[in-house]
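# Remarks on the overall topology
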Amino acid sequence: MEPRIIKTDDQYRHFRNEVEKLAVLDPDPETSQGLRLELLAKLVEDYEKARFVFARPDPIDAILFRMEQQGLRQKDIAPLLGGKNRASEVLSRKRRLTRSMISALYDKLNIPLELLVREPDGAYSIGEVPIRRRNDAKRRSPELAKSGLLRGFEGFMPLSTVRSNLLQIPAEFGVYAVVSSNRTTPAFLKKSGAGRFKGQDPSYPTDLLNEKWVESADVLYIGKAGPTSRRTLRKRIIELVRFGSGESVAHRGGRALWQLEGIWEARIAWKIAAHAPIGTEQALLVRFEREFGKLPFANFKH
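Quick caveat, the model's predicted, so the values are computed rather than measured.

Parameters at a glance
- Residues numbered from 1 in each chain as written.
- Predicted model: local features only at pLDDT ≥ 70, side-chain atom pairs only at ≥ 80, totals over all residues.
- Heavy atoms only, no water.
- Helix = DSSP H or I, 4+ residues; strand = E, 2+ residues; numbered from the N terminus.
- Contact = heavy atoms within 4.5 Å.
- Areas by Shrake-Rupley, 256 points an atom, 1.4 Å probe, with all protein chains shown as cover.
- Buried < 20%, exposed > 50% of the residue type's maximum accessible area, 1.4 Å probe, protein only.
- Core = buried A, V, L, I, M, F, W, Y, C linked by side-chain atoms within 4.5 Å.
- Phe/Tyr/Trp six-rings, centres within 6.5 Å; stacked < 30°, edge-to-face > 60°.
- Expected span 1.5 Å × (residues − 1).
- Pairing = 2+ DSSP bridges.
- Axes fitted to C-alpha atoms, helices over the stretch in contact; angles between N-to-C directions.

Secondary structure assignment for the chain yields 11 helices and six strands. Taking contacts inside the chain between residues at least 6 apart in sequence as the whole, the part at least 24 apart equals 71%. Surface summary for the chain: the accessible area is close to 16300 Å², and the carbon and sulfur share equals 50%.

Let us now look at the environment of Leu 166. By secondary structure assignment, the location of Leu 166 is in the loop between strand E3 (154–158) and strand E4 (174–179). Note on Leu 166: relative accessible area 2%, which makes it buried. Residues contacting Leu 166, with those up to four places away along its chain left out, are Glu 20, Ala 23, Arg 234 and Ile 238.

Looking now at the nonpolar core. Residues Leu 159, Val 162, Val 178, Leu 257, Trp 258, Ile 263 and Ile 268 are the most contacted members of the largest nonpolar core, which totals 46 residues. Residue assignment for this core shows that the elements contributing at least two residues are helix H1 (9–25), helix H2 (32–55), E4, helix H9 (206–212), strand E5 (219–225), helix H10 (233–244) and strand E6 (267–272). For this core, the element with the most residues is H10, which contributes six residues. Other than its neighbours up to four places away in sequence, Val 178 contacts Leu 159, Asp 218, Val 219, Leu 220, Tyr 221, Leu 240, Leu 257, Ile 263, Ala 266, Arg 267 and Ile 268. Residues Ala 62, Ile 63, Leu 81 and Tyr 106 belong to the second largest nonpolar core, which totals 22 residues.

Further remarks concern the packing of aromatic side chains. Describing an aromatic ring pair means giving the distance of the ring centres and the angle of the ring planes. In this structure the tally under the stated criterion is eight aromatic pairs. On the basis of an interplanar angle of 20° and a centroid distance of 5.6 Å, the ring pair of Phe 188 and Phe 297 is categorised as stacked. Of this pair, Phe 188 sits in the loop between E4 and H9 while Phe 297 sits in the segment after helix H11 (277–292), placing them 109 residues apart in sequence. The exposure class of Phe 297 is buried, given its relative accessible area of 2%. Their ring planes at 35° and their centres at 4.5 Å tell us that Phe 288 and Phe 292 sit as a pair that is tilted. Residue Phe 288 and its partner Phe 292 are located together in helix H11, separated by four residues, close to a single helical turn. Owing to a relative accessible area of 25%, Phe 292 belongs among the partly exposed residues under this scheme. Three or more aromatic residues joined by ring pairs make a cluster, and in this case those are Phe 188, Trp 213 and Phe 297.

Let us look at the side chain of Ser 180. Structurally, Ser 180 is set in the loop between E4 and H9. Leaving out residues up to four positions away in the same chain, Ser 180 has contacts with Ala 217, Asp 218, Leu 220 and Ala 266.

Counted at 1.5 Å a residue, the expected span for H1 with its 17 residues is 24 Å, and the 25 Å between its end C-alpha atoms agrees. Looking one or two places after H1, you find Asp 26, whose phi comes out positive at around 50°.

To continue, consider the sheet that holds E6. A sheet is described by the order of its strands in space; here four strands give the open sequence E3-E6-E4-E5, paired in antiparallel fashion. With one partner strand each, in any of the chains shown, E3 and E5 form the two edges of the open sheet. Across the sheet, the mean angle separating the axes of adjacent strands is 20° when strand polarity is ignored. Taken together, the six bridges between E4 and E6 define a ladder with antiparallel strand orientation. Bridge pairing links Gly 174 to Ile 272 in E6. Contacting E4, E5 and E6, H10 runs over the sheet at an angle of about 30° to E4. Set on the sheet, H11 makes contact with E4 and E5; between it and E5 the angle comes to about 160°.

Shown next as structure tokens:
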């Protein structure tokens, strides 16, 4: 398909997929592939910005946008809205969102409350029932994270935005980490939404996930990119995100991440280690285990 101003979600998906494929090849900017990548990335970015601005004032548009991002259909979110008929009424704007619907959409689809309700910060009300924004505790800035185990890391990009900002991730070998400063008690999904690579269920028992959780640690997972697999940071990180989105992709490492509610709010950070990604990864894991007594939450095999 020739590059054009994106007007439909189908065009958006087509061009976004092509951007991902070209980005991991890291073509020279002056070649035909490099020029095409630059143009398509700009078209995709412009479309996402337009959709985001359009979706922000309207809770239903926010829901539809998140459904499109995650490849969900109406039947997939019907349980969150009280069943098939109510889902149809809500999405067609014939029924208002209720408190329980908003809570379910916030918990399961990670749609921010400010997109689901449009009232001043603090107390939100639907009819006579007040809703309060969750106190997620004070989130430490990425700058503070850099001062510890992740000194020298860059990016700190929300996982939910990786596809849109793929060209910002270096096409070099190195290490990467998934980071979250949300210190509240974790909630785990019984079934993982990650991909079934080679037909294997990526889910863990929730009691095992609770056992592996590391209290007070920002780092949830540490991984490496290269050199033996020839996978760069850009390629490995997009594989991680695609696997977490439900695609059958070879990135089962760290798969416990995808049973953690709110995981798409976590951030991905990286550090170039062109000549020694394996050694750098091992050194980070040793330092983490020395400080916390066990490996990061998603760095286990079972």
